[in-house]
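A closer look at the structure
Listed below, chain by chain, are the residues.
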Amino acid sequence: MISSPLMTVMVDAVRKAARGLKRDYGEIENLQVSRKGPGNFVSAADRKAEEVLRDALMKARPGYGLVLEESGIVEGADKSHTWHVDPLDGTTNFLHGIPHFAISVGLEREGQIVAGVVYDPAKDELFVAERGKGAYLNNRRLRVSGRTDMADALIAYGSPYLGRGDHPKLLREVAAVMAVSGGARRFGSAALDLAYVACGRSDLYWERDLQTWDIAAGIILVREAGGFVTSADGGAEPLAARSVACGNEILHSELVKILRRANA
Ligand code: IPD
Ligand code: CA
Ligand code: CA
């Protein structure tokens, strides 16, 4: 585990928000739900969890800025630090009673992600990473998978909500990946997709049309677990590109080539 004042702040905030999410998950049929777009819902659980996270993070680090999925940007006096907060990543799973969703909090300092926490309340799995200090799942140090044969690789991907992103392009990419890999999965939480690469459950993951709160924490988890993360096009700035491709060095570079060929 990582013991630092910063990690304590992040883990405490996330665990506090998770208590509310767990309660709400137990009674999803009574939750107030509204629609942000086709198939894209936001519930009282998302909003309450975000409020808890915002209050806790602002109290602990008053000057830092915040990028919050549901309530937007809060400017801070300290322009060099920004939190990227997704209070409930995997809302579709949550509202359908599928126990695969997470809270994701990443901290950016001068353009670099320096710490991340992804917590899966349903499985009580806490993924943490801090720059230079490694990545952990509960108390276990993480390492990306060592698999190098694409034919054996398990590859996770994500798809954008209806009306957003380029679905035909994604289908070309999925077809290309399925033709050469051990299997493709769509789990439904970008933060956990990254965390699963960090801990070696998935060998690879890619997705486009994301937001910084989906990926900030997960990017540092994968990097601190020894993995490679770029944009889905192979660019060096996944956070700015809002897309990711990640895995170990060898498979990552093969995946980027496969995606490029699929779009050529
Ligand atoms: C979504 C999930 C999903 C991904 C979408 C995200 P939300 O986040 O991470 O896996 O495919 O692009 O928007 O809306 O559940 O917070
Ligand atoms: Ca999300
Ligand atoms: Ca969300």
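Residues numbered from 1 in each chain as written. Chains lettered and ligands numbered in written order. Predicted model: local features only at pLDDT ≥ 70, side-chain atom pairs only at ≥ 80, totals over all residues. Heavy atoms only, no water.

Observations regarding the sheet that holds strand S7 (residues 112-120)
For clarity, the cut-off: Note: two strands are recorded as paired if DSSP finds a minimum of 2 bridges between them. Secondary structure follows DSSP: runs of H or I at least 4 residues long count as helices, runs of E at least 2 residues long count as strands, and numbering of each begins at the N terminus. Residue contacts are counted whenever heavy atoms from the two residues lie within 4.5 Å of one another. Note on geometry: axes are lines fitted to C-alpha atoms, helical ones only across the stretch in contact, with angles between N-to-C directions running from 0 to 180 degrees.
Pairing is mixed across the open sheet formed by 8 strands, whose spatial order is S4-S3-S5-S6-S7-S8-S9-S10. The open sheet is flanked by strand S4 (72-74) and strand S10 (140-141), the only strands paired with a single partner. Both S7 and strand S8 (residues 125-130) contribute to a ladder of 6 bridges, which runs antiparallel. Each bridged residue has a counterpart across the sheet, and for Val118 the counterpart in S8 is Phe127. Sheet strands in contact with helix H2 (residues 44-60) are strand S3 (64-68), S4, strand S5 (78-89) and strand S6 (102-109), and its direction is about 150° off that of S5. Strands in contact with helix H6 (residues 212-224) are S3, S5, S6, S7, S8, strand S9 (134-137) and S10; relative to S7, the strand with the most contacts, it is inclined by about 100°.

Some words on the packing of helix H4 (residues 167-178) against helix H8 (residues 249-262)
Selection criterion: Angles are sorted into four bins: roughly parallel if under 35 degrees, roughly antiparallel if over 145, roughly perpendicular if 65 to 115, and oblique for all others. Left-handed describes a crossing whose near helix is turned anticlockwise from the far helix through less than a right angle; right-handed describes the clockwise counterpart. Each residue gets one of three labels, nonpolar for Ala, Val, Leu, Ile, Met, Phe, Trp, Tyr, Cys and Pro, charged for Asp, Glu, Lys and Arg, and polar for the others, Gly among them.
In contact at an axis separation of 9 Å, H4 and H8 are set at 130° when each is read in the N-to-C sense. It follows that H4 is oblique to H8 by the angle criterion. As H4 runs across H8, the sense of the crossing is right-handed. Contacts between H4 and H8 involve Arg172, Glu173, Ala176 and Val177 from the first element and Leu255, Ile258, Leu259 and Ala262 from the second. Looking at the contact of H4 with H8 residue by residue, the classes come out as 6 nonpolar, no polar and 2 charged.

Some remarks on the coordination of the calcium ion (ligand 3)
Filter applied, for reference: For Na, K and Ca the donor cut-off is 3.2 Å; for every other metal, N, O and S atoms count as donors within 2.8 Å. Water does not enter the count, which can leave sites looking incomplete.
The protein atoms that coordinate the calcium ion (ligand 3) are Glu69 (OE), Asp86 (OD) and Leu88 (O), at distances spanning 2.1 to 2.4 Å. As a motif over one chain, the donors of the calcium ion (ligand 3) read E-x16-D-x1-L. If you look at the calcium ion (ligand 3) and the calcium ion (ligand 2), they sit 3.7 Å from each other and are both ligated by Asp86. With Glu69 in the loop between S3 and S4 and Leu88 in strand S5, the pair connects residues that are 19 residues apart, well separated along the chain.

A look at the site of ligand 1
Note the following rule: We call a residue near a molecule or strand when any one of its heavy atoms sits within 4 Å of it. Pairs of N or O atoms within 3.5 Å make up the polar contacts considered here, provided that, within protein, one atom can donate a hydrogen while the other can accept it, and that residues adjacent in sequence are counted only when both atoms are side-chain atoms. The method behind every accessible area is Shrake-Rupley, applied with a 1.4 Å probe, and residues are considered shielded solely by the protein chains displayed. Where a domain begins and ends is set by an automatic assignment or by a domain database.
Near ligand 1 lie 15 residues; those nearest to it are Asp89, Gly90, Tyr161, Arg186 and Glu207. Take Asp86: an N or O atom from its side chain is 3.3 Å from an oxygen atom of ligand 1. Between ligand 1 and Asp89, the relevant distance is 2.7 Å, taken from an oxygen atom to a side-chain nitrogen or oxygen of the residue. Coverage of ligand 1 by the protein chains reaches 93% of its 380 Å² of free accessible surface. Considered class by class, the residues forming the shell around ligand 1 number 4 nonpolar, 5 polar and 6 charged. Built from parts of two domains, the shell around ligand 1 gets at least three residues from each of domain 1 (5-141) and domain 2 (150-262).

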